[in-house]
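Given next are the chains, with one letter for each unit.
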Amino acid sequence: MMNAPLRVGETTTVPVALGARAYDIVIGRGLLTELGKRIAALKPGASAAIVTDETVAARHLEGAEAALTAAGIRAIPIIVPPGEATKSWRMLEHVCDRLLEARIERNDVVIALGGGVIGDLAGFAAAILRRGLDVVQMPTTLLAQVDSSVGGKTAINAKHGKNLVGAFHQPILVIADTVLLDTLPARDFRAGYAELAKFGLLGDAGFFAWLEANWQDVFAGGAAREHAIAVACRGKAGIVARDERETGERALLNLGHTFGHAFEAAAGFSDKLLHGEAIALGIVCAFEFSTRLGLMSGNDAGRVAHHLAAVGLPTRLSDMPALRTDTDALMNLIAQDKKVTRGKLTFILVRGIGQAFVARDVDPAQVRAFLAEKLS
């Protein structure tokens, strides 16, 4: 549930309670300048490799390096191309080679400075190099600040689908500097909003109603934005603490993702369809499919589609010309989803807004018929 809204300029700390691997999510404005001080406090004497992409480097790398240097920390930048295609075997090898060339040792730290792609790639490299390096997540997009930087999921994509090669590797710190969102392109901010809305839709109807009333203030920045990020982070931190390895409740965070990941793969993991845009489509499909199965009555599916469309997100497959695909192709991609168990399809479905649940052994024929109709 929601706590009182933050005041502008107030920093809040959300703990992720994982025993010996517990860490903090720090949320506020201007936190990039504190990066070195916070890492030095956690890891005195460590060197730091900053993994980032070309777009983020142009805006924020100089500030990150200055903050580290001021704290007496050796900083090594590793810059990769932007975009979902960077989550690949080739770029994983490149990052690992650069970390080894820089002589990053086990007691050093990897900083993931970027969006979800960088968080996943840098986090996975840290998980496997020298059998595990500490990682600090410094998310620069709304999507990464409310979702992918928290919880330790790291991965790259394979030709068979999204995030199929990866590891659970918790960070030692997450720093969500909301100033970094001020330079985010509008399309990327909208894409991140899909993950923000997801938290209300899966388990907090009150938060979704608050977003319906206050989304324009969230987009404008200030206290409403920071409040929304803090609510989402508290929600995710609680779920991760209770189910770190996704054996139960954590699967609810995949609301919209089984459909959405298939849409992303069908679009070639490109900027034709951003992750958050695919998740918006996937969430609408999850609500409409749940209605089709008779799991809920009323017009919650319409309410969800209306809100996501109002903020500028795609809600119909026909909105996305990049999705030139067919039912067979989408069903093959869904069959590779990580939640598939012994060949049985698993979806996160809903009984209403804020009432998501894990549905195992979903009938593929019903999914196929639903997708065929959506694509027609």
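Shown above is the structure to which this text applies.
Residues numbered from 1 in each chain as written. Predicted model: local features only at pLDDT ≥ 70, side-chain atom pairs only at ≥ 80, totals over all residues. Heavy atoms only, no water.

Undergrad: It is not clear to me how the pairing of strand β4 (residues 75-80) should be interpreted in this structure. Could you clarify?
TA: Here is the key point about a regular strand: its side chains alternate between the two faces of the sheet. Side chains I76, I78 and V80 project from β4 onto a buried face, and the interleaved A75, P77 and I79 project onto a face without burial. Strand direction decides the pairing type here: strand β3 (residues 48-53) and β4, joined by 6 bridges, are parallel. Bridged to A48 within β4 is A75. Crossover handedness for the path β3 to helix α2 (residues 54-70) to β4: right-handed. (Buried < 20%, exposed > 50% of the residue type's maximum accessible area, 1.4 Å probe, protein only. Helix = DSSP H or I, 4+ residues; strand = E, 2+ residues; numbered from the N terminus. Pairing = 2+ DSSP bridges. Right-handed = clockwise from strand over helix to strand, strands pointing away.)

Undergrad: Explain the packing of helix α9 (residues 257-266) against helix α10 (residues 275-292) to me, please; I cannot follow it from the model alone.
TA: Helix-helix packing is described using two parameters, namely the angle between the two axes and the distance between the axes. Relative to each other, α9 and α10 sit at 135°, their axes nearing to 7 Å. As judged from the angle between their axes, α9 and α10 are oblique. Where α9 crosses over α10, the handedness of that crossing is right-handed. Touching H257, F259, G260, H261, F263 and E264 of α9 are H275, A278, I279, L281, G282, C285, A286 and F289, all from α10. A class-by-class count of the residues in the contact of α9 with α10 yields 8 nonpolar, 5 polar and 1 charged. (Axes fitted to C-alpha atoms, helices over the stretch in contact; angles between N-to-C directions. Parallel < 35°, antiparallel > 145°, perpendicular 65-115°, else oblique. Left-handed = near helix turned anticlockwise from the far one by under 90°. Contact = heavy atoms within 4.5 Å. Nonpolar A, V, L, I, M, F, W, Y, C, P; charged D, E, K, R; others polar.)

Undergrad: Hey, could you run me through the nonpolar core in this one?
TA: One broad trend across soluble globular proteins is that nonpolar side chains are buried collectively. In terms of nonpolar packing, the biggest core is built from 58 residues, with I25, Y193, L196, L211, L255 and F287 touching the most fellow members. At 10 residues, helix α8 (residues 223-242) tops the list of elements feeding residues into this core. In this view, L211 contacts Y193, L196, A197, V218, A228 and H307; residues no more than four positions away in its chain are not counted. Among the nonpolar cores identified, the runner-up in size contains 27 residues, and I76, I104, A112 and L129 belong to it. (Core = buried A, V, L, I, M, F, W, Y, C linked by side-chain atoms within 4.5 Å.)

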